[in-house]
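The residues making up each chain are set out below.
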Amino acid sequence: MSIILIGIFVFAGVYLLRLTLWNTYGEEKIYINPTKLTYEVSYGWFKDRVREMETLNLDYYIKPHPSGENKGILLLKNGTTEIESVIPLEKSILEELITNLKNLKS
């Protein structure tokens, strides 16, 4: 029983540490080159897995944020693969970002 309790406390501690690091040092990195897009989330000490997808037929969308406010999340799709941003931004900022990304593409 004590091993299970220790496991629960260790899991909760790592989760809270990761949450605190995200709020302090968290960042999203999106690298776009002519053939592929690379997405990485960094928590300072922890890094999430790197996700990659081809930039052929790449489309950008705004997914509404669950809070119902005037915020959204950037959604990147190329038909088969989908990458969703973590950080919610105001819809006007996302619309400007999408416009700039589409201008880079052409």
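All values derive from a computational prediction rather than experimental measurement.

Concerning the pairing of strand S2 (residues 36-42)
Turning to step 1, where the next piece is worked out: For S2, the tally of buried residues reaches six of seven residues, placing the bulk of the element in the interior.
Turning to step 2, where the next piece is worked out: Summarising the sheet, strand S1 (residues 27-32) and S2 pair through six bridges and their orientation is antiparallel. Looking across to S2, one finds that Lys-29 is bridged to Glu-40.
Turning to step 3, where the next piece is worked out: Connecting S1 to the next strand, S2, in antiparallel fashion are three residues.
Turning to step 4, where the next piece is worked out: Looking at chain direction, S2 and strand S3 (residues 51-54) are connected through four bridges and run antiparallel. Bridge assignment links Leu-37 to a residue of S3, and that residue is Met-53.

Remarks on the side chain of Thr-38
Turning to step 1, where the next piece is worked out: Here Thr-38 is to be found in strand S2.
Turning to step 2, where the next piece is worked out: What Thr-38 contacts, discounting residues up to four positions off in sequence, is Lys-29, Ile-30, Tyr-31, Val-50, Arg-51 and Glu-52.

So, the confidence of the model for the chain
Turning to step 1, where the next piece is worked out: For the chain, the mean per-residue pLDDT works out to 87, and 98% of the residues sit at or above 70.
Turning to step 2, where the next piece is worked out: Strand S5 (residues 71-77) holds the highest mean pLDDT among the elements of the chain, 91, whereas helix H2 (residues 91-105) holds the lowest, 87.

Points about the pattern of salt bridges
Turning to step 1, where the next piece is worked out: Counting across every chain of the model gives six salt bridges.
Turning to step 2, where the next piece is worked out: As a salt-bridge pair, Glu-52 and Lys-36 come within 3.3 Å of each other at their nearest N and O atoms. Here Glu-52 is found in strand S3, whereas its partner Lys-36 is found in strand S2, with 16 residues between them in sequence.
Turning to step 3, where the next piece is worked out: For Glu-40, the salt bridge is made with Lys-47, and the minimal N-O distance between the two is 3.6 Å.
Turning to step 4, where the next piece is worked out: Overall, Glu-40 belongs to the buried group, its relative accessible area being 12%.

Cut-off values and rules
- Residues numbered from 1 in each chain as written.
- Predicted model: local features only at pLDDT ≥ 70, side-chain atom pairs only at ≥ 80, totals over all residues.
- Heavy atoms only, no water.
- Buried < 20%, exposed > 50% of the residue type's maximum accessible area, 1.4 Å probe, protein only.
- Helix = DSSP H or I, 4+ residues; strand = E, 2+ residues; numbered from the N terminus.
- Pairing = 2+ DSSP bridges.
- Contact = heavy atoms within 4.5 Å.
- pLDDT = per-residue confidence, 0-100.
- Salt bridge = Lys/Arg side-chain N within 4 Å of Asp/Glu carboxyl O.

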